[in-house]
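# Summary of the model geometry
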Amino acid sequence: MKPQSKSPEKSHQPLWHTLRIVGNILLIATLIVFPLFLSSLVAAGWLINAESYGAPFFAYGVWLLIFEGVLLVAVIFYFCKLDMAAIVGAVISYLPMLWITMKAVSIAEENGWAGQTEESFGRNAFTVWRDGLIGNAIPVALLLLLAVTRYLSYDAVVKRQQKKDRKKEEENRKAPSILGGETK
């Protein structure tokens, strides 16, 4: 009897499975550290100091918290195996976070707060906010990498093709007779 050879897709599965588990753990860890902790601290600082910073910072803080929530929902979509929703959610959450950060930094620079925060924190406003928000790129990149690789994996493509074929068979199935009797 001839031993069956493994298909190329199956021979790398233990490695991919291990890498996916490590990626999932890193995704959860970076999600907790960056958006849910550091960015939330930046947003809370903007909300608490909105009186001295001005109304735009209150709105920026609220929107930053909302987009952190969108990123969290995107990760939940990923773990529910809704890869396209996770990809769209990651992009929809991260790009506005970058825009909010750029707007906040430009307001700080226009009003000359860079020197004040440098005296208080030892760093200027841009550095403080950048350090709190740039880490969001890590869970977003991990989420995009994990979701795209799973969406484009051989098994997922085969499943989608089979689902498409079943749907086409249902559409092309012969309709039952409306007269109720068998026709010859």
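What counts, and where the lines are drawn
Residues numbered from 1 in each chain as written. Predicted model: local features only at pLDDT ≥ 70, side-chain atom pairs only at ≥ 80, totals over all residues. Heavy atoms only, no water. Salt bridge = Lys/Arg side-chain N within 4 Å of Asp/Glu carboxyl O. Helix = DSSP H or I, 4+ residues; strand = E, 2+ residues; numbered from the N terminus. Buried < 20%, exposed > 50% of the residue type's maximum accessible area, 1.4 Å probe, protein only. Expected span 1.5 Å × (residues − 1). Core = buried A, V, L, I, M, F, W, Y, C linked by side-chain atoms within 4.5 Å. Contact = heavy atoms within 4.5 Å. Patch = residues over 30% accessible without salt bridge, like charges linked within 9 Å, V, L, I, M, F, W, Y side chains within 5 Å. Areas by Shrake-Rupley, 256 points an atom, 1.4 Å probe, with all protein chains shown as cover.

Looking now at the pattern of salt bridges. Taken as a whole, this structure holds 1 salt bridge when the rule is applied. D83 is paired through a salt bridge with R150; the nearest N and O atoms lie 2.6 Å apart. Here the residue D83 occupies a position in helix α5 (residues 83-110), and R150 occupies one in helix α8 (residues 137-151), the gap between them amounting to 67 residues. For R150, a relative accessible area of 16% translates into the label buried.

By the secondary structure assignment, M84 is in helix α5. Expressed as a C-alpha distance, the spacing of M84 and A147, which sit 63 residues apart in the sequence, is 7.5 Å.

With 28 residues, α5 should reach 40 Å at 1.5 Å per residue; the first-to-last C-alpha distance of 41 Å fits that figure. Once α5 finishes, G112 follows within two positions and takes phi at roughly 75 degrees, a positive value.

This next bit is on the nonpolar core. Among the nonpolar cores identified, the biggest contains 31 residues, and W46, W129 and L143 are the most heavily contacted of them. Of all elements in the fold, only α2 (13-48), α4 (55-79), α5, α7 (125-133) and α8 reach the threshold of two or more residues within this core. Here the element with the most residues in this core is α5; it accounts for 10 residues. Those residues in contact with W46, other than ones at most four positions away along the chain, are Y53, F57, F58, Y60, G61, L64, I100, A104, W129 and L133.

Together, I28, I32, V33, L36, L72, I76 and F79 make up a nonpolar patch on the protein surface, roughly 570 Å² of accessible area in all. Within the residue set of the nonpolar patch, elements represented by two or more residues are α2 and α4. A per-element tally of the nonpolar patch places α2 first, with 4 residues. Note that L36 resides in helix α2. Overall, L36 belongs to the partly exposed group, its relative accessible area being 37%.

Everything listed here is a matter of coordinates, which is why it stays silent on function.
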